[in-house]
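# Tertiary structure, described
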Amino acid sequence: MPTHVQESSKPRAAAVRDNRAKFLERAMSRHHYSGDALIEVLHTAQELYGYLTPELLKTIARKLKLPPSRVLGVATFYHFFSLEPKGEHSYIVCLGTACYVKGALGLLEVLERRCAMAGSTSPDGKVSVNSARCIGACGLAPAMIRDGEILGRMTPEKLNEDLDRIGVE
Amino acid sequence: MTIEELYETQSAELDRRKRLENRIYCCTAAGCISCGAESVKKAIADQIRSSGREGKLEVCGSGCLGLCSRGPLVYSERDNELYGEVAPEDAPALISSNPVDREQLRFKRADLEAPFFAKQHRIVLANSGRVDPENVTDYIAAGGYQALAKALTEMTPAEVIAEIRTSGLRGRGGAGYPTGLKWELVARQPTDTKYVVCNADEGDPGAFMDRSVLEGDPHRVLEGMAIAAYAVGAQQGFIYVRGEYGLAIQRLQSAIRQAEREHLLGNRILETGFQFRIDLRIGAGAFVCGEETALIASIEGKRGQPRQRPPYPPESGLWGKPTLINNVETFANVARIIERGGEWFASIGTEHSKGTKVFALAGRIQNTGLIEVEMGTPLREIIFDIGGGVPRGGKFKAVQTGGPSGGCIPEELLDTPVDYESLAAVGSIMGSGGMIVMDETSDMVDVARFFMEFCMDESCGKCIPCRAGTVQMHDILARLTRGEGTPADIDMLEQLSSLLKEASLCGLGQSAPNPVLTTLKYFRHEYEAKLKEPAGAGAGDSAAAAGGEER
């Protein structure tokens, strides 16, 4: 799965953490600090930091010489970018048509009952729940993505087991 | 590499394969990977190593083998057999040279003569499952990049365009604009800087054709783009891929790197004077970016909002320069047309819709997966013969084509042939190729509500008919599914539908009412059964059923 879709849930080594600003700088310089590369830079920033803080957005705006309004506008327009911290694990339920007719709502219901409402993170910071429009795995409907990995032909039972495994109450 | 070297590489690879006893292809498309294809592939590789027959047997990954519902799939070249639901424990039997051992797997064999395979006509998917997408040599061995070589050395750009025009190829993204005409428009522009863009922002729920092509045969798309660039005079290309398609992104990145290393892309392509670079742009999750002007805005790093056309992108696109935008499947057809000629392509399909179309079958259907059929094939043949019909004795109710911009087609119209005009005539569209089958458990009003919710969330908010209209229509549909609607609500739905169709800025809003209009047309009784007023015996039941489906 793409590196930029998921934020690694494991704690990063301190060295990497310290170098994050440097990695971001390198990404911007690779694009010659061009404003056209805003989306690529936001992808990189989110990959490094997990989510986009206001400070991060301001820094990017300054370096790419863009108005902060434009940076915020883009960051909020696209579903991929998150302005809030994510949970340790991420569950994305596909609500595409194929999954929908095969009972995806039942899966979402399990997550919402046990973890958090779609679009939010459980209070203990353990699980983020999201829905997706279609992840293109229609042959495996109903499908979901757990920490970047596609799980096909899911059932509420399998999902419950999975949640038990990671220690959700 | 030079053109001579291209042919030498091909014959060397083919010679090498002749010395092999067998080559085993493990489907490594997203579907099979998620049911354990990687461990099957590893088990086969380990087994080959431990049996010490590395020079004789080979295992490789491959693109989608089609029958996704039976994954993980493995294809054995020697005996031309396809095995489904393969487990790592099957590896010894799979590689065995003793037919008796292989007989153990007979229950896992898929019948390649079955209608699912026999009724398909593969052009775009010809290599899918027959080449290793991570290895450019495999693509070259299958004749890859020879069409590009032919275009560069034997044809002028105008001749390439003429060939595409003769073929009658039309845009596979849904709208069906003649591809040759579009290329000519871009070629005619006098400026030096032009761009070629591949639209791989496949957003329709239920559609995974482009994903499979990119994952299974990425070089075919690159070659098609390079030929297009030569024809229109562009030196820079972009592929705009959905961020959700991680594997496709990874395979494209590696394909571009390999092609550049071999001088099949980049500077001095095939040691001729032609140069063309391709960069990837990763989408960030906005359905509207499939619309061409929104896609351009997104590549430029802006909010993906469409703009008024004209000017159309062939005149003023990326950074104001002439830009050719085609869909993945359109580009995937190009190399074969150049190789075999426009006349050949034009001989396939119907009068106005030439060639083949790839469809993704999903929903309540026996054989979910990826298929490619000749244009003009009746829906019934696709769903019942190829798709195997509704599983477990269920009863077919409707098929949805074209995603949120398409419509629901009922049983009585199943003899409609799939081509651009016929599908439009029944109120749906060809769309990008998602086909979702629904049985009698699906509530059509709820289906319409589902698509309207989709359009409501994905509306970019720029024009009012779409921004406000989708919200109003969704409210009414939600009310109807709760059993609280009135006859006036249905009238209002119809009025709003025509308003959105007429007044929205881009395709998203203009086509958003299609699912509502078709369900109203073909399943009106389901709407009426949900009305509050004339509460018949049936109304209460179906409202309760709808309540169960609702979130």
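The rules behind these values
- Residues numbered from 1 in each chain as written.
- Chains lettered and ligands numbered in written order.
- Predicted model: local features only at pLDDT ≥ 70, side-chain atom pairs only at ≥ 80, totals over all residues.
- Helix = DSSP H or I, 4+ residues; strand = E, 2+ residues; numbered from the N terminus.
- Rg over C-alpha atoms; globule rule 2.2 N^0.38 Å.
- Buried ≥ 20, exposed ≤ 12 C-beta atoms within 10 Å, placed from the backbone.
- Contact = placed C-beta atoms within 7 Å.
- Pairing = 2+ DSSP bridges.
- Axes fitted to C-alpha atoms, helices over the stretch in contact; angles between N-to-C directions.
- Core = buried A, V, L, I, M, F, W, Y, C linked by C-beta atoms within 7 Å.
- Domains from an automatic or database assignment.
- Nonpolar A, V, L, I, M, F, W, Y, C, P; charged D, E, K, R; others polar.
- pLDDT = per-residue confidence, 0-100.
- Arc of directions from axis to C-beta.
- Parallel < 35°, antiparallel > 145°, perpendicular 65-115°, else oblique.
- Left-handed = near helix turned anticlockwise from the far one by under 90°.

### Quick notes on the overall build of chain B
Along the backbone of chain B there are 25 helices and 14 strands. Here the C-alpha atoms of chain B give a radius of gyration of 24 Å, agreeing with the 24 Å that 2.2 N^0.38 yields for 551 residues. Projected onto its principal axes, the C-alpha coordinates of chain B cover approximately 75 × 65 × 40 Å. In chain B, which comprises 551 residues, the share counted as buried stands at 56%.

### Notes on the overall build of chain A
Scanning chain A for helices and strands turns up eight helices and five strands. The order of helices and strands in chain A, counted from the N terminus, is α-α-α-α-α-β-α-α-β-β-β-β-α. Contacts spanning at least 24 positions in sequence make up 62% of the contacts within chain A whose residues lie at least 6 apart.

### Remarks on the sheet that holds strand 10 (residues 356–363) of chain B
Residue and element names in this part refer to chain B. Taken in spatial order, the five strands make up an open sheet running 11-10-14-12-13, and their pairing is mixed. Looking along the sheet, the strands with just one partner apiece sit at the ends: strand 11 (369–374) and strand 13 (407–410). Taking each pair of neighbouring strands and ignoring which way they run, the sheet shows an average axis angle of 30°. Where strand 12 (residues 396–401) lies against strand 13, four bridges are found, and the strand directions are antiparallel. In the sheet register, Ala398 faces strand 13, and the bridge partner there is Pro410.

### Quick look at the nonpolar core
Among soluble globular proteins, nonpolar side chains are generally buried collectively. The biggest cluster of nonpolar side chains holds 222 residues, and the ones touching the most others in it are Cys94(A), Ala143(A), Ile227(B) and Ala228(B). Here Ile227(B) is in contact with Ala147(B), Leu148(B), Ala151(B), Val160(B), Val334(B), Ala335(B) and Ile338(B), once residues within four sequence places are set aside.

### Structural notes on the pairing of strand 6 (residues 195–200) of chain B
Residues and elements named next belong to chain B. Of all six residues in strand 6, six are buried; the element is thus mostly enclosed. The side-chain alternation of strand 6 yields two buried faces, one formed by Tyr195, Val197 and Asn199 and the other by Val196, Cys198 and Ala200. Pairing geometry for strand 6 and strand 9 (residues 323–327), over five bridges, is parallel. Residue pairing in the sheet places Tyr195 in a bridge with Thr323 of strand 9.

### Observations concerning the environment of Asp491(B)
You can see Asp491(B) is positioned in helix 21 (residues 487–503). Sequence-wise, Asp491(B) and Glu292(B) are 199 residues apart; in three dimensions their C-alpha atoms are separated by 33 Å.

### Comments concerning the domain arrangement of chain B
Residues and elements named next belong to chain B. Structurally, chain B comprises domain 1 (13–112), domain 2 (143–346), domain 3 (356–438) and domain 4 (444–549). Domain 3 and domain 4 are separated by 22 Å when their C-alpha centres are compared. Each side of the interface is counted separately: domain 3 has 11 residues, and domain 4 has 15 residues. Counting residues per element, the side of domain 3 that touches domain 4 draws most heavily on strand 13, at three residues. Split into classes, the residues belonging to the side of domain 3 that touches domain 4 amount to six nonpolar, five polar and no charged.

### Let's talk about unusual backbone geometry
For the bond running from Ala141(A) to Pro142(A), omega is -5°, close enough to zero to count as cis. If you trace the backbone, Pro142(A) turns up in the loop between strand 3 (127–132) and strand 4 (144–146). Residues other than glycine seldom take positive phi values, yet Glu85(B) does so here, at roughly 50°. In this fold, Glu85(B) is placed in the loop between strand 4 (81–83) and helix 4 (91–95). Classification of Glu85(B) as partly exposed rests on a count of 16 C-beta atoms within 10 Å.

### Overview of the sheet that holds strand 7 (residues 236–241) of chain B
Residues and elements named next belong to chain B. The four strands lie next to each other as 8-7-6-9, forming an open sheet whose pairing is parallel. Where the open sheet ends on each side, the last strands, each with one partner, are strand 8 (277–282) and strand 9. Strand-to-strand twist in this sheet, taken as the mean axis angle between neighbours without regard to direction, amounts to 20°. When strand 6 meets strand 7, the two strands line up parallel, connected through six bridges. Within strand 7, the residue paired with Val196 across the bridge is Gly237.

### Re the interface of chain B and chain A
With 42 residues of chain B at the interface, the matching set in chain A holds 36 residues. Contributions of two or more residues to the side of chain B that touches chain A are made by helix 2 (30–34), helix 13 (246–261), strand 10, strand 14 (434–439) and helix 19 (444–458) of chain B. In terms of residue class, the side of chain B that touches chain A is made up of 17 nonpolar, 16 polar and nine charged.

### With respect to the environment of Ala512(B)
All names here are of chain B. Note that Ala512 resides in the loop between helix 22 (507–511) and helix 23 (514–522). When the C-alpha positions of Ala512 and Gly406 are compared, they lie 8.1 Å apart, and in sequence the two are 106 residues distant. Setting aside residues up to four positions removed in sequence, Ala512 forms contacts with Pro404, Met452, Cys455, Cys466, Thr470 and Leu500.

### What to know about the confidence of the model for chain B
Residue and element names in this part refer to chain B. Residues of chain B with pLDDT of at least 70 account for 97%, and the chain-wide mean is 92. Between residues 535–551, whose pLDDT stays under 50, and residues either more than four places distant or in other chains, the model counts 21 contacts. With a pTM of 0.91, the predicted complex shows an ipTM of 0.87.

### Side note on helix 17 (residues 379–386) of chain B
All names here are of chain B. All of the buried residues along helix 17 are Leu379, Ile382, Ile383 and Ile386. End-on view of helix 17: buried residues confined to an arc of 120°, all on one side of the axis. Looking at the packing, one finds that the buried side of helix 17 touches helix 6 (115–118), strand 10, strand 11, strand 12, strand 13 and strand 14. Looking at the residues trailing helix 17, positive phi occurs at Gly388, about 80°.

### Side note on the packing of helix 9 (residues 157–167) of chain B against helix 12 (residues 218–232) of chain B
Residues and elements named next belong to chain B. Look at helix 9 against helix 12: their axes get within 7 Å of each other, and the N-to-C directions meet at 120°. Between helix 9 and helix 12, the crossing angle belongs to the class labelled oblique. The chirality of how helix 9 crosses helix 12 is left-handed. Listed contacts from helix 12 to Pro157, Val160 and Ile161 of helix 9 are Ile227, Tyr230 and Ala231. Its residues placed into classes, the contact of helix 9 with helix 12 shows six nonpolar, no polar and no charged.

### What to know about the pairing of strand 10 of chain B
Residues and elements named next belong to chain B. Counting buried positions along strand 10 gives eight out of eight residues, so the element sits mostly inside the fold. Here six bridges tie strand 10 to strand 11, and the two strands are oriented antiparallel to one another. Looking at the pairing, Ala360 lines up with Leu370 of strand 11. Counting the residues between successive antiparallel strands, the hairpin from strand 10 to strand 11 contains five residues.

### Some details on the packing of helix 8 (residues 146–154) of chain B against helix 15 (residues 328–340) of chain B
All names here are of chain B. Packing of helix 8 against helix 15 brings their axes to within 8 Å, and their N-to-C directions diverge by 60°. In terms of orientation, helix 8 lies oblique with respect to helix 15. Here helix 8 and helix 15 pass one another in a crossing that is left-handed. Along its contact with helix 8, which presents Gln146, Ala147, Lys150 and Ala151, the element helix 15 presents Ala335, Ile338 and Glu339. Residue composition of the contact of helix 8 with helix 15, by class: four nonpolar, one polar and two charged.

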